[in-house]
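# Structural features, examined
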Amino acid sequence: MPQGPYRWFVYAELLLAAVTFVALLFVVAPYGGRHGRSGWGPTVPARVGWVVMEAPASVLFLAFYMLGEHRFELVPLLFLLLWQVHYVYRAFVYPFLMRSGSRMPVLVMLLAILFNLLNAWVNARWISEYGAYPAAWLADPRFWIGVALFAGGLALNMRSDRTLRRLRGDGSGGYRIPYGGGFRYVSSPNYLGEIVEWTGWAVATWSLAGLAFALYTAANLAPRAVSNHRWYRSTFPDYPPERRAIIPFVL
């Protein structure tokens, strides 16, 4: 870990993970949809909110990455590709696949922008400047285990998103119980997929920066998955009793 301001940004992200986890145990994040509610100030269309808050994670990450001494080396470029595969989808594809009509509080959008700014800086600067990833890293099992986790998590995340969209493919309103894929085991396989993704990133980069992001992802999404699970069970009397919230057979 380099000395100076950079390490304090990493520590700040670790602290933010703890604060976020505790806060979400008591407050359900009002991202819209089933958990949307008044009292959080002005709102914007959810599509606009998603693009605005997720775009910095792609665009600024690239800008910060290009400042690094190792920016044209093979392994850092592969890490850049992994990151952009996720965030180009999340910022510029996923929002336009969402159903129209839902709204997002501006406050939630602004908080997400601030986090993405911090997280993009911490991880981009690590892989292109402060980390050391010679070509020999490609022969390290940590790299391939991490990439496999990342790819598997991304696939689960995207498939789960598609399953949720298809529930309203006929144009009908209201909510339904999703089935198939990861929904056989948990109520929020999309969140589980994202947690697995960034755990893979942490393993592949073998860095405190990657670990900070993985911990924050779990701290942010696990309580939200529990809230979703509670909502499903209270809304649908026939909700599958064997299904868990976020960890199959456990939680």
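Residues numbered from 1 in each chain as written. Predicted model: local features only at pLDDT ≥ 70, side-chain atom pairs only at ≥ 80, totals over all residues. Heavy atoms only, no water.

Glancing now at the overall build of the protein. If you tally the helices and strands in the protein, you get seven helices and two strands. Secondary structure elements of the protein, listed N to C terminal, follow the sequence α-β-α-α-β-α-α-α-α. For the protein, the C-alpha radius of gyration of 18 Å lies close to 18 Å, the compact-globule estimate for 251 residues. With respect to the principal axes defined by its C-alpha atoms, the protein has extents near 55 × 40 × 35 Å. Counting over 251 residues, the protein shows a buried share of 49%. Sequence-distant contacts, at least 24 apart, represent 81% of the contacts inside the protein between residues at least 6 apart. Here the protein carries 22 positive and 12 negative side-chain charges, and the mean point of each set is 10 Å from the other. (Helix = DSSP H or I, 4+ residues; strand = E, 2+ residues; numbered from the N terminus. Rg over C-alpha atoms; globule rule 2.2 N^0.38 Å. Buried < 20%, exposed > 50% of the residue type's maximum accessible area, 1.4 Å probe, protein only. Contact = heavy atoms within 4.5 Å. Lys, Arg positive; Asp, Glu negative; His and termini not counted. Charge placed at Lys NZ, Arg CZ, Asp CG, Glu CD.)

Quick look at the packing of helix 6 (residues 189-205) against helix 7 (residues 208-235) now. Running from N to C, helix 6 and helix 7 point in directions that differ by 170°, and their axes come no closer than 9 Å. As far as their axial angle goes, helix 7 and helix 6 are roughly antiparallel. Here Tyr191, Glu194, Ile195, Trp198, Thr199, Trp201, Ala202 and Thr205 of helix 6 lie close against helix 7, whose contacting residues are Gly210, Leu211, Phe213, Ala214, Thr217, Ala218, Leu221, Ala222, Arg224, Ala225 and Asn228. Residue composition of the contact of helix 6 with helix 7, grouped by class: twelve nonpolar, five polar and two charged. (Axes fitted to C-alpha atoms, helices over the stretch in contact; angles between N-to-C directions. Parallel < 35°, antiparallel > 145°, perpendicular 65-115°, else oblique. Nonpolar A, V, L, I, M, F, W, Y, C, P; charged D, E, K, R; others polar.)

Summed over the entire model, instances satisfying the criterion amount to three salt bridges. Two residues, Arg90 and Asp161, come together in a salt bridge whose shortest N-O distance is 3.6 Å. With Arg90 in helix 3 (residues 74-92) and Asp161 in helix 5 (residues 141-166), this residue pair connects regions lying 71 residues apart in the sequence. By the burial criterion, Arg90 is buried, and Asp161 matches it. For Arg90, the salt bridge is made with Glu194, and the minimal N-O distance between the two is 3.9 Å. With Arg90 in helix 3 and Glu194 in helix 6, this pair connects stretches of sequence that are 104 residues apart. (Salt bridge = Lys/Arg side-chain N within 4 Å of Asp/Glu carboxyl O.)

The next thing to look at is the confidence of the model for the protein. For the protein, mean pLDDT is 91; residues scoring 70 or higher make up 92% of the total. When pLDDT is averaged over each helix and strand of the protein, the minimum, 85, is found for strand 2 (residues 103-105) and the maximum, 97, for helix 6. (pLDDT = per-residue confidence, 0-100.)

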